[in-house]
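Tertiary structure, described
Spelled out from the first residue to the last, the chains are:
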Amino acid sequence: MEIVAGAITYDRTSAAEGRQGRPLIVTEDVELLDDLLRLCAAAGARPEVHHGVPERGGGWDTAPLVLVGDDAARRVRGAGRRRGVVLVGRDQDDPGVWQRAVEIGADHVLLLPDGEQWLVDRIADVAEGVGPPALTVGVIGGRGGAGSSTLACALAVTSAREGRRTLLVDADPLGGGLDVLLGGETAEGLRWPAFAGSRGRVGGGALEESLPELHALRVLSWDRGDCVVIAPEAVRAVLAAARRRGGTVVVDLPRRIDEGVAEVLAQLDLGLLVVPAELRAVAAAGRVASVVGMVLRDLRVAVRGPYAPGLDDKEVARLLGLPLAGEVPMEAGLPVAQERGAPPGADARGPLARFCSAFWERAAMAGGSV
């Protein structure tokens, strides 16, 4: 057991994870019911309410989460054992609450008001339906003009074309906007400044639906206004919401590292450092890698030609002391295609799309890690 925010929890995974539905509240305590209804509303959930164990066909067996008021513990003692049961009380000094939790097979004991935020998060999880988090990949240039934004877009376009839920995040406010690179600068939807005040938990479904949809993927980019700084707390909340939706999240990172970018790095599964094969670029990339590597454990190098004399992809990786993710191929006609509205990676038979497809295939074979 561990004690967190007023709750004593057992370290085991609820069988309700991944199941979407209405939480069940069992209590006759009017004041407690009011509090639980308020917390459900804050989490965006509409609960089912009973004074005791529901009749056959009710929600005791099917609800993704059951909130049992301490007043109702004895009435549900004979119900079938299941996971996802929380015993909710108020009396911090009542030692008998732990015994009652054991008797009904509760996973958690929650004492209000200390555990309110934990409970809101848990209710929101089951309201959204929690599954495996998104594979989250960050792309950063070893020097200016390395082509990291192009690769990030191509990875996202390829992922979406292959049927994955995909979100492309523009973490570089000075980069001109990935929506522009995708030909969607006028597309309807929210941009980063709309989330500047976000704190706590952001709903994953609401986030996804609010963003522009371009080329079968969702894009979180910047508008043309003056806002270029988002608080670290907002960055953390938004990216966490994106990850909860599953699929893939691709982040285009700036070369400067501030508190907001550090929050992004902390949630990445993998980073790709795009390095042109020239000595000056390798030297610059070494500095970027040293800073990024302090936060991100899995950083790999993606080398882009043409090659300077004496360099190849393996030599660049060796000089940087990083694993080699592969050689990012040159694609003739890409600038012309972009002028016509085709994003990087749009040509499924092109070398860039084939590189990205192979990347995602390795990820799938590795169970989410490349």
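Our structure is the block above this text.
What counts and what doesn't
- Residues numbered from 1 in each chain as written.
- Predicted model: local features only at pLDDT ≥ 70, side-chain atom pairs only at ≥ 80, totals over all residues.
- Heavy atoms only, no water.
- Helix = DSSP H or I, 4+ residues; strand = E, 2+ residues; numbered from the N terminus.
- Expected span 1.5 Å × (residues − 1).
- Buried < 20%, exposed > 50% of the residue type's maximum accessible area, 1.4 Å probe, protein only.
- Arc of directions from axis to C-beta.
- Contact = heavy atoms within 4.5 Å.
- Polar contact = N/O pair within 3.5 Å; in protein donor to acceptor, adjacent residues only side chain to side chain.
- Core = buried A, V, L, I, M, F, W, Y, C linked by side-chain atoms within 4.5 Å.
- Salt bridge = Lys/Arg side-chain N within 4 Å of Asp/Glu carboxyl O.
- Pairing = 2+ DSSP bridges.
- Axes fitted to C-alpha atoms, helices over the stretch in contact; angles between N-to-C directions.
- Right-handed = clockwise from strand over helix to strand, strands pointing away.

1. Some thoughts on helix α1 (residues 30-42)
In this model α1 runs 18 Å from its N-terminal to its C-terminal C-alpha over 13 residues, within 8% of the 18 Å that 1.5 Å per residue would give. By the burial criterion, the buried members of α1 are L32, L33, D35, L36, L39 and C40. Down the axis of α1, the buried side of the element spans an arc of 160°, and every buried residue falls inside it. Within α1, the exposed residues directed more than 90 degrees away from the buried face are V30, E31, A41 and A42. Packing partners of the buried residues in α1 comprise β3 (24-26), β4 (48-50), β5 (66-69), β6 (85-89) and α3 (116-128). N-cap assignment for α1: the residue whose side-chain oxygen lies 3.1 Å from the backbone N of E31 is D29. Following α1 by one or two positions, G44 adopts a phi angle in the positive range, close to 75°.

2. Considerations on the side chain of Q267
You can see Q267 is positioned in helix α8 (residues 259-267). At 3.5 Å, the side chain of Q267 forms a polar contact with the backbone nitrogen of A240. Each residue touching Q267, except ones within four places of it in the same chain, is listed here: T136, R236, L239, A240 and R243.

3. Some words on the nonpolar core
Counting residues in hydrophobic clusters, the biggest one holds 45 residues, and the most contacted among them are V251, L253, L273, V275, V316 and L320. Sorting the residues of this core by element identifies β9 (166-170), α7 (232-244), β12 (248-253), α8, β13 (270-276), α9 (279-292), β14 (299-304) and α10 (313-320) as the ones contributing at least two each. Sorting elements by how many residues they give to this core places α7 first, with 7 residues. Apart from residues no more than four positions distant in its own chain, V316 is found in contact with V275, A277, V282, V301, V303 and L311. If you look at the next biggest cluster of nonpolar residues, it comprises 32 residues, including L135, L168, L217 and W360.

4. Thoughts on the pattern of salt bridges
A full pass over the atoms with the stated rule returns 20 salt bridges. Linking R100 and D94 is a salt bridge whose minimum nitrogen-to-oxygen distance equals 2.5 Å. The class of R100 is buried, set by a relative accessible area of 12%. Residue D179 pairs with R224 through a salt bridge whose shortest N-O separation is 2.7 Å.

5. Quick word on the environment of R245
Along the chain, R245 falls in the loop between α7 and β12. Here the alpha-carbon distance between R245 and G204, two residues 41 residues apart in the chain, equals 6.0 Å. Residues within four places of R245 in sequence aside, it is in contact with R165, G204, G205 and E208.

6. A few points about the sheet that holds β9
Spatially, 8 strands are ordered β10-β11-β9-β12-β8-β13-β14-β15 in an open sheet, and the strand pairing comes out mixed. Single-partner strands in this sheet number two, and they are β10 (213-214) and β15 (324-328). As defined by bridge partners, β13 adjoins β14 across 6 bridges and the pair is classed as parallel. Within the sheet, the bridge partner assigned to G271 lies in β14 and is L299. On the sheet, helix α12 (residues 351-365) packs against β8 (135-141), β12, β13 and β15 and is oriented at approximately 160° with respect to β15.

7. Focus: the pairing of β13
Along any regular strand, the residues point their side chains to alternate faces of the sheet. Of all 7 residues in β13, 7 are buried; the element is thus mostly enclosed. A two-sided burial pattern is seen for β13, the buried positions comprising L270, L272, V274 and P276 on one face and G271, L273 and V275 on the other. Here β8 pairs with β13 via 5 bridges, running parallel. Within the sheet, the bridge partner assigned to G141 lies in β13 and is V274. With α9 bridging β13 and the parallel β14, this β-α-β connection has right-handed handedness.

8. Side note on the pairing of β12
The element β12 is extensively covered by neighbouring structure, given that 6 of its 6 residues are classed as buried. Residues T248, V250 and D252 line one face of β12 and the alternating positions V249, V251 and L253 line the opposite face, and both faces are buried. Looking at chain direction, β8 and β12 are connected through 6 bridges and run parallel. Across the sheet, V137 pairs through a bridge with V250, a residue of β12. In the sheet, β9 pairs with β12 via 5 bridges, with the strands oriented parallel. By the bridge assignment, L167 is partnered in β12 with V249.

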